[in-house]
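Coordinate analysis (summary)
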Amino acid sequence: MFSSLYVTVKSLAEHETTGTLMVSHKYGEKGELALKDGRIVGCKIGELTGAEAAGQLARWVSFNVDFSKG
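Attention here is on the structure that accompanies the text. Everything quoted here is computed from the prediction, not taken from an experiment.

Parameters and conventions
- Residues numbered from 1 in each chain as written.
- Predicted model: local features only at pLDDT ≥ 70, side-chain atom pairs only at ≥ 80, totals over all residues.
- Heavy atoms only, no water.
- Pairing = 2+ DSSP bridges.
- Helix = DSSP H or I, 4+ residues; strand = E, 2+ residues; numbered from the N terminus.
- Contact = heavy atoms within 4.5 Å.
- Axes fitted to C-alpha atoms, helices over the stretch in contact; angles between N-to-C directions.

1. A look at the sheet that holds strand β1 (residues 19-25)
- Read across the sheet, 5 strands follow the order β4-β3-β2-β1-β5 without closing on themselves; strand pairing throughout is antiparallel. The two strands at the open ends of the sheet, each matched to only one other strand, are β4 (48-49) and β5 (63-69).
- In this structure, strand β3 (residues 39-45) lies alongside β4, joined through 2 bridges in antiparallel fashion. Residue pairing across strands places I45 opposite L48, the latter belonging to β4.
- Its contacts with the sheet put helix α1 (residues 5-14) on β1, β2 (30-36), β3 and β5, and the angle it makes with β1 is roughly 170°.
- Here helix α2 (residues 50-58) sits on the sheet in contact with β1, β2, β3 and β4, set at roughly 80° to β3.

Written as structure tokens, this is what we have:
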């Protein structure tokens, strides 16, 4: 899908969701966003973590997502 993660993350934040959002980029990279009570508490893409990983993830426009609660 061509989109922004903003819509997905906004929905999870509004519902104060806890879990892991797995993001698969169309070119094979995989990222993770950890949420607790709707707040992002961690981000990882390969060896990148934190703000650096979040910056990369925010630029992805073609991706699939899968959310696991808990």
